[in-house]
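Coordinate inspection notes
Listed below are the residues making up each chain.
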Amino acid sequence: MPCSLARRLQWGTVSTSPITEAAPMSLCARAPHVPADRLVAEMVPPPRFDSVRFETYVPDPNQPSQTEAVAVLSSFAAGLGGAHAVGTKRRWFAKKQAAAPGPRGVYLDGGYGVGKTHLLASLWHATPAEPALKAFGTFVELTNLVGALGFQQTVATLSDHRLLCIDEFELDDPGDTVLVSSLLRRLVEQGVALAATSNTLPGKLGEGRFAAADFLREIQGLSAHFRPLRIDGEDYRHRGLPEAPAPYSEEQVTKAAYATEGAALDDFPQLLDHLSRVHPSRYGALTDGVRAVCLTDVRPVPDQSTALRLVVLADRLYDREVPVLASGVPFDRLFSDEMLNGGYRKKYFRAISRLTALARDAKGLVAQ
């Protein structure tokens, strides 16, 4: 069933004037079933990185490590053109090849704003293999895949891939870190090449990055398979959170939703409740065909589990460049001080930043 607000708005009981446009959709009315093959097929660079390539990365002339990174990654991609180096899942006619010399993985070590995701997506695009043999996703998407498919099925599904790129490898949850480390170990045994960037440890947030030595220590036993690649540059993390735009009135949000083709309109607390009944691996499918998300009565999230689900939804909306129009409190007041000072604060900072950007993108939806 749709959220109650969406049902009320269908009858025009919120706006002071009749609403004649077609009723918007409701995210709360959606309970998508996502087949396993779609979950894997969607592990590609997000739309905002569709067109990035090594050639479109502009190195800072004052940072030679950026130019070196492009050269090293280009060479790494070219070396992945053959079949698996090792592995047991092969067609009966495939010829086993000797392992390629050197590490089968790269770790991009650098601060915020130096283009690590640009380079990681460029590596995916440059690797000479069809998309079905390459996977790109965030750490959260990878753990959600394991949650949806199970560990063994995830290994079986990814073991024929030539490359797995993991953006924002998160190390704030020891259990998830061990889980993904075990998965990567099994994939390396099958000859899958790896590339990763990582987030900052909670205790090192002020440094703006997670150092290579710490990353290699955390991924237990896999350090020999990674070549750390340092990318120097200005660290944008120290600029702090962007100021969130002022929210609109409920009537403005409602009218914009009815006037915008492909818009979804939902009551924020009810949407948070709905997210608890949808597996995070399906949040991308939840937004299929949605061209704008309109939210009423945005308020601080009540607990950490709810907050972490909202982070995943914010990531999926940001990846798909879906503008978000809202009434209620500004997005920089979504999370409590306790949350912003706790172990998951990096996730919450990212969610605020991304929702703020999407809120700015939504300004054009409101009639002036």
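To keep things clear, this report deals only with the structure shown in the data block. (Residues numbered from 1 in each chain as written. Predicted model: local features only at pLDDT ≥ 70, side-chain atom pairs only at ≥ 80, totals over all residues. Heavy atoms only, no water.)

Counting residues in each nonpolar core, the largest one holds 41 residues, and the members touching the most others are Phe331 and Phe335. Elements with a contribution of two residues or more to this core: helix H10 (268-275), helix H11 (283-286), strand E7 (292-298), helix H12 (304-319), strand E8 (324-328), helix H13 (337-340) and helix H14 (345-361). Each residue touching phenylalanine 335, except ones within four places of it in the same chain, is listed here: Val301, Ala307, Leu310, Leu340, Tyr348, Ala351 and Ile352. Listed in part, the 29 residues of the second largest apolar core include Val40, Met43, Leu171 and Leu184. (Core = buried A, V, L, I, M, F, W, Y, C linked by side-chain atoms within 4.5 Å. Buried < 20%, exposed > 50% of the residue type's maximum accessible area, 1.4 Å probe, protein only. Helix = DSSP H or I, 4+ residues; strand = E, 2+ residues; numbered from the N terminus. Contact = heavy atoms within 4.5 Å.)

With respect to topology, three strands assemble into an open sheet ordered E6-E7-E8, the strand pairing being parallel. This sheet does not close on itself; its edge strands, each paired only once, are strand E6 (263-267) and E8. Going from strand to strand, the sheet's axes swing by 15 degrees on average, the running direction of each strand aside. In this structure, E6 lies alongside E7, joined through five bridges in parallel fashion. Bridging across to E7, alanine 263 finds its partner in alanine 292. (Pairing = 2+ DSSP bridges. Axes fitted to C-alpha atoms, helices over the stretch in contact; angles between N-to-C directions.)

In this section: helix H7 (residues 174-189). Between the first and last C-alpha of H7 there are 23 Å, a value that for 16 residues agrees with the 22 Å anticipated at 1.5 Å per step. All of the buried residues in H7 are Thr177, Val180, Ser181, Leu183, Leu184, Leu187 and Val188. An end-on view of H7 places all buried positions within 165 degrees of arc, on one side of the element. In the segment just after H7, glycine 191 is the residue with positive phi, at about 90 degrees. (Expected span 1.5 Å × (residues − 1). Arc of directions from axis to C-beta.)

Fair warning: the whole summary comes from geometry, so function is off the table for now.
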